[in-house]
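Below, each chain spelled out in residue letters.
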Amino acid sequence: MNIDQMGAHVRGVLFYIEAGKGHYIPAKAIHESMAKLGHESILQDLLLVVDTKFLHWFTKFVWRFMLHFPNYERKSSEKNDDPAKWRRYVGLAIFLYKKKFNTWLETVEPDFILTTHFIGGILLPSLLKACNKNIPLYLYSADVFMCPRVGLSNDLDKLYVPSQFGVDWVIAQGQQPDRTALCAFPLQHKFSGISKLTKHEAREKLKLKEKFTILLSLGGEGIGTTEFVEEAHRCKLDIQVLLIGNISGSTRIKYDIFMAAHPRFDIHPIGYVQNIHEYFLAADIVVGKQGANTLMEAIYMHRPCLISEELYTARYSSDYLRTHGIGWSESEPQKQVQIIAECMADPDYDIKMEQRFLHIPLKFSADEFALQILQDTKDIMESRVLA
């Protein structure tokens, strides 16, 4: 495509890697916005493009394994977030996958490539160069408040980060400011145009009790423990718990055993629902692992978060919540329940939280982000034509 055609139609590639939902969901939101704006995008798992079915399976397996052992994940991920370690494998990846990748690119002929997984930051610049392709290349920082150091690269045309907190962090790590851009968070489109019900209205609509409500999220993989609800039951905390999202088989067994043993405890295994926004509105606090998407959706819905299992990248989310007074990070069930009890006892809890959310400096719009990508692509192409 030449520069004169850019305004008429753009074809982009949106790469993700299926290690949890955190990289897929923002890519899908951008994909839908591109279509709304009259442009084309190809949503694709990077590992499947180069036909690495084993790595595709292995990546998912390792991530799910790590979620069962959050303390190990935190230490292991921090240790392995070392670009020097990963660069050893870039040459091997080029040797193994260059031909397949180049063939795929020549079939697709994209005008830009955006990856939502940090591995793309270290791999794709070299792979594109080896294929002799000069395609605008972007990385979206799915972790919002930071980006794993492995993904940082000044060979990217842009590293998009949806928070100023994260922008400052990546620049402090060596990312060039002119190759870094603040963007809107690509919120899922199902949150667009929703009616903002009051807590009472949401609970009435969902047939829930009018009492302090916890939205308990187990993350995209649905892997977790019953420690929080067990401690809440032991302390006789008068709450209702909404168990949201897909639940893994092993985790479902744990909750079935808990509910059978404590039938009077007010817990609702909601599962995966399309009207998740109504459950956010019914809740007083969102508790759980809080991947970046759930965390940002909670912030958008003005609901404070209690991060119950702090994974490697979540420490920066925790810093953000504490800085703005809209959440907590606590792994010990006794202290989690104590935090909930203190919030329940505060008559001004709702008012104070709402005031804090009104001052959160974040923007939410997949459409706005898609327009930013399109404009950057046009500007880059123009500059290369003139060069």
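Just above sits the structure.
Attention in this report is confined to the structure presented alongside it.

Conventions we followed
- Residues numbered from 1 in each chain as written.
- Predicted model: local features only at pLDDT ≥ 70, side-chain atom pairs only at ≥ 80, totals over all residues.
- Heavy atoms only, no water.
- Pairing = 2+ DSSP bridges.
- Helix = DSSP H or I, 4+ residues; strand = E, 2+ residues; numbered from the N terminus.
- Axes fitted to C-alpha atoms, helices over the stretch in contact; angles between N-to-C directions.
- Contact = heavy atoms within 4.5 Å.
- Salt bridge = Lys/Arg side-chain N within 4 Å of Asp/Glu carboxyl O.
- Buried < 20%, exposed > 50% of the residue type's maximum accessible area, 1.4 Å probe, protein only.
- 1 Å grid on protein atoms, 1.4 Å probe; cavity = no way out; pocket = protein on both sides within 12 Å on 5 of 7 lines; lining within 4 Å.
- Points joined across faces, edges and corners; volume = space filled by probe spheres on them.
- Nonpolar A, V, L, I, M, F, W, Y, C, P; charged D, E, K, R; others polar.
- Core = buried A, V, L, I, M, F, W, Y, C linked by side-chain atoms within 4.5 Å.
- Phe/Tyr/Trp six-rings, centres within 6.5 Å; stacked < 30°, edge-to-face > 60°.
- Lys NZ or Arg CZ within 6 Å of the ring centre and 35° of its normal.

### Considering the sheet that holds strand E10 (residues 285-288)
No. 1: Spatially, E9-E8-E7-E10-E11-E12 is the arrangement adopted by the six strands of the open sheet, whose pairing is parallel. Both outer strands of the open sheet, strand E9 (267-271) and strand E12 (327-329), are each paired with one neighbouring strand and no more. Recorded for the sheet is a direction-independent mean angle of 20° between the axes of neighbouring strands.
No. 2: Where strand E7 (residues 213-217) lies against E10, four bridges are found, and the strand directions are parallel. Each bridged residue has a counterpart across the sheet, and for Ile214 the counterpart in E10 is Ile285.

### Details of the side chain of His117
No. 1: Relative to the elements of secondary structure, His117 occurs in the loop between strand E3 (112-115) and helix H7 (119-130).
No. 2: When sequence neighbours within four positions are dropped, the list of residues in contact with His117 reads Phe15, Ile17, His23 and Leu139.

### Remarks on the pattern of salt bridges
No. 1: Considering all chains together, one arrives at 21 salt bridges under this definition.
No. 2: The partner of Arg384 in a salt bridge is Asp157, with the nearest N and O atoms 2.9 Å apart. Of this pair, Arg384 sits in helix H17 (residues 366-386) while Asp157 sits in the loop between strand E4 (137-140) and strand E5 (158-161); the two residues are 227 residues apart in sequence, bridging distant segments of the chain.
No. 3: Judged by relative accessible area, Arg384 falls into the partly exposed class, the value being 30%.
No. 4: Members of the salt-bridge network, linked through shared partners, are Lys199, Arg203, Glu210, Asp284 and Asp350.

### Observations regarding the layout of surface pockets
No. 1: Roughly 380 Å³ of internal volume is contained in the second largest pocket.
No. 2: Within the residue set of the lining of the second largest pocket, elements represented by two or more residues are helix H4 (70-80), E7, helix H10 (227-234), E10 and helix H15 (333-345).
No. 3: Element by element, the count of residues in the lining of the second largest pocket is highest for H4, at three residues.
No. 4: Looking at side-chain class alone, the lining of the second largest pocket contains nine nonpolar, nine polar and six charged residues.

### Describing helix H13 (residues 292-300)
Working note: α-helix, 3.6 residues per turn, so residues spaced by three or four point in the same direction.
No. 1: Counting buried positions along H13 yields eight of nine residues, so the element is predominantly enclosed.
No. 2: Looking one or two places after H13, you find His302, whose phi comes out positive at around 60°.

### Structural notes on the nonpolar core
No. 1: Ranked by size, the top nonpolar core spans 115 residues in total, and within it Phe101, Leu114, Ile239 and Ile340 carry the most contacts.
No. 2: The leading source of residues in this core is helix H6 (residues 90-108), at eight residues.
No. 3: Residues within four places of Ile340 in sequence aside, it is in contact with Phe212, Ile214, Phe228, Leu237, Ile239, Ile285, Val287 and Leu306.

### Examining the packing of aromatic side chains
No. 1: Across all of its chains, the model carries 17 aromatic pairs by this definition.
No. 2: Ring geometry for Phe145 and Tyr320: centres 4.3 Å apart, planes at 25°, overall stacked. Here Tyr320 lies in helix H14 (residues 314-324) and Phe145 lies in the loop between E4 and E5, a separation of 175 residues in the sequence. The same class applies to Phe145 and to Tyr320, which are both buried.
No. 3: In this arrangement the basic side chain of Lys196 is found over the ring face of Tyr300, its NZ or CZ atom lying 5.4 Å from the centre.

### Re the sheet that holds strand E2 (residues 40-45)
No. 1: If you walk across this open sheet you meet the six strands as E2-E1-E3-E4-E5-E6, and the pairing is parallel. At either margin of the open sheet sits one strand with a lone partner, and together these are E2 and strand E6 (180-182). Ignoring strand direction, the axes of neighbouring strands in this sheet form an average angle of 25°.
No. 2: Judged from the three bridges that link them, E5 and E6 form a sheet pairing that is parallel. Residue pairing for E6: Tyr160 is matched across the bridge by Ala181.
No. 3: Here H6 sits on the sheet and contacts strand E1 (11-16), E2 and E3; the angle it forms with E1, its principal contact strand, is near 145°.

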